[in-house]
Amino acid sequence: TVENAGSGRMSVEIAAVRGERFPDEEDSDAEPWRSVRETVVLGEGESAAVVIRCDFEPERLEVDPDALVLMLGREQAVRELGS
């Protein structure tokens, strides 16, 4: 479930991801980045359940993975998924 804690209406992407998006050059063993995304549009105080279907086992969920939205507390926009 994603909630808009802001005061405007906004479109935002939610991504199920696996691997390293920007691995260190020395890290040749880094797992390649994979993501599947869904977009939701939420008004002030609205929330919505999001279902993302992937053909891989995601490691985490990221709200606005490309950082296009001005967001306080961005560190709260990532959720690690347990196995």
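Predicted, not measured: the structure shown is a model, and the values here were computed from it.

S.K.: Is there a simple way to think about the side chain of glutamate 62 in this case?
M.R.: Examined against the element boundaries, glutamate 62 turns out to sit in strand S5 (residues 60-63). Separated by 2.9 Å, the side chains of glutamate 62 and arginine 60 make a polar contact. Setting aside residues no more than four positions away along its own chain, glutamate 62 makes contact with Glu13, Ile14, Ala15, Val17, Trp33, Ala77 and Val78.

S.K.: Got a minute to help me understand the pattern of salt bridges in this structure?
M.R.: Should their charged atoms come close, side chains of opposite charge can pair. Scanning all chains against the criterion turns up nine salt bridges. The closest approach of N and O atoms between glutamate 46 and arginine 9, which form a salt bridge, is 3.4 Å. Of this pair, glutamate 46 sits in the loop between strand S3 (34-42) and strand S4 (47-48) while arginine 9 sits in the loop between strand S1 (2-3) and strand S2 (10-18), and the two are 37 residues apart along the sequence. For glutamate 46, a relative accessible area of 37% puts it in the partly exposed group. Since its relative accessible area comes to 58%, arginine 9 is described here as exposed. A salt bridge links aspartate 64 to arginine 74; its shortest N-O distance comes to 3.1 Å. Here the residue aspartate 64 occupies a position in the loop between S5 and strand S6 (78-80), and arginine 74 occupies one in the loop between S5 and S6, the gap between them amounting to ten residues. Look at the salt bridges and you will find they share partners, linking Glu13, Arg21, Arg37 and Asp66 into a network.

Cut-offs used in this document
- Residues numbered from 1 in each chain as written.
- Predicted model: local features only at pLDDT ≥ 70, side-chain atom pairs only at ≥ 80, totals over all residues.
- Heavy atoms only, no water.
- Helix = DSSP H or I, 4+ residues; strand = E, 2+ residues; numbered from the N terminus.
- Polar contact = N/O pair within 3.5 Å; in protein donor to acceptor, adjacent residues only side chain to side chain.
- Contact = heavy atoms within 4.5 Å.
- Salt bridge = Lys/Arg side-chain N within 4 Å of Asp/Glu carboxyl O.
- Buried < 20%, exposed > 50% of the residue type's maximum accessible area, 1.4 Å probe, protein only.

Purely geometric numbers; function is a separate question.
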